[in-house]
Amino acid sequence: KTYFENEAQGYMLATSVKGHGTGQHPDMFVGDDLQDAQAAASAQERLTTREWYKNTLATRGAGRGIRKVVIMQRLNEEDIAAYLLDLGFEHLMLPMRFDPTRFPFGYNGNDVGWLDPREEDGEWAWSEQ
């Protein structure tokens with residue numbers, strides 16, 4: 001199933017890179033791992049993902065200034081994350097282990113408003129893991 005609707009007339013459309021999306025005009029876009037490691041290793045796949053984003057997703061809800069969030073690990077200097085950063089996406093990096101020498105006052109130099117609550121060197125982001 002790729003389309004889910006709730007009682008308040010909200011919906012979620014699940015798709016994949018190169019999948020459908022044309023004709024949809026969401027209030028928010030959340031992309032999770034737009035490229036896997038194999039796709040990011042291929043120059044052609046990186047280009048294909050970029051073109052799919054530019055020609056399909058970038059125009060969805062653009063007139064309304066929708067929120068766009070992409071969650072992924074960096075896989076290549078020319079991956080889709082690099083392209084989105086060039087477009088002006090805000091970069092929020094959440095390291096698995098806290099490094100006070102890298103972020104001595106927490107990572108709050110972003111417009112997102114997030115502050116790392118960890119204080120101890122090496123402290124895990126999710127201690128149960």
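All residue numbers refer to positions counted from 1 along the written sequence of the respective chain. Where local features are concerned, this predicted model is filtered to residues with pLDDT of at least 70; where side-chain atom pairs are given and counted, the filter is 80 or more; whole-chain, interface and lining totals use all residues. Each side-chain value is worked out from all heavy atoms of the structure, with water and hydrogens disregarded.

Draft legend 1. Geometry of the nonpolar core. Nonpolar cores were defined as sets of buried Ala, Val, Leu, Ile, Met, Phe, Trp, Tyr and Cys residues, with membership established by side-chain atoms within 4.5 Å. Buried means the residue's accessible area, taken with a 1.4 Å probe over protein chains only, is under 20% of the maximum for its type, while exposed means over 50%, and partly exposed covers the values in between. Listed in full, the 9 residues of the largest apolar core are Phe29, Leu34, Trp52, Tyr53, Leu57, Ile66, Ile80, Tyr83 and Leu84. Of all the secondary structure elements, the ones that give two or more residues to this core are helix H2 (43–55) and helix H3 (80–86). Counting from the N terminus, the helices are DSSP H or I runs at least four residues long and the strands are E runs at least two residues long. Broken down by element, this core gets its largest block of residues, 3 residues, from H3. Residue contacts follow a heavy-atom distance rule, with two residues in contact if any of their heavy atoms lie within 4.5 Å. When residues no more than four places from it in sequence are discounted, the contact partners of Tyr83 are Arg50, Tyr53 and Lys54.

Draft legend 2. Representation of the packing of aromatic side chains within the structure. Side-chain rings of Phe, Tyr and Trp, where Trp is taken by its six-membered ring, are said to pair if the distance between their centres is within 6.5 Å; with planes under 30 degrees apart they count as stacked, over 60 as edge-to-face, and otherwise as tilted. Considering all chains together, one arrives at 1 aromatic pair under this definition. Ring plane angle 75 degrees and centroid distance 6.3 Å describe the contact between Tyr53 and Tyr83, whose orientation is recorded as edge-to-face. Taken together, the residues span a long stretch of sequence, with Tyr53 in helix H2 and Tyr83 in helix H3 at a distance of 30 residues. The exposure classification of Tyr53 matches that of Tyr83, with both residues buried.

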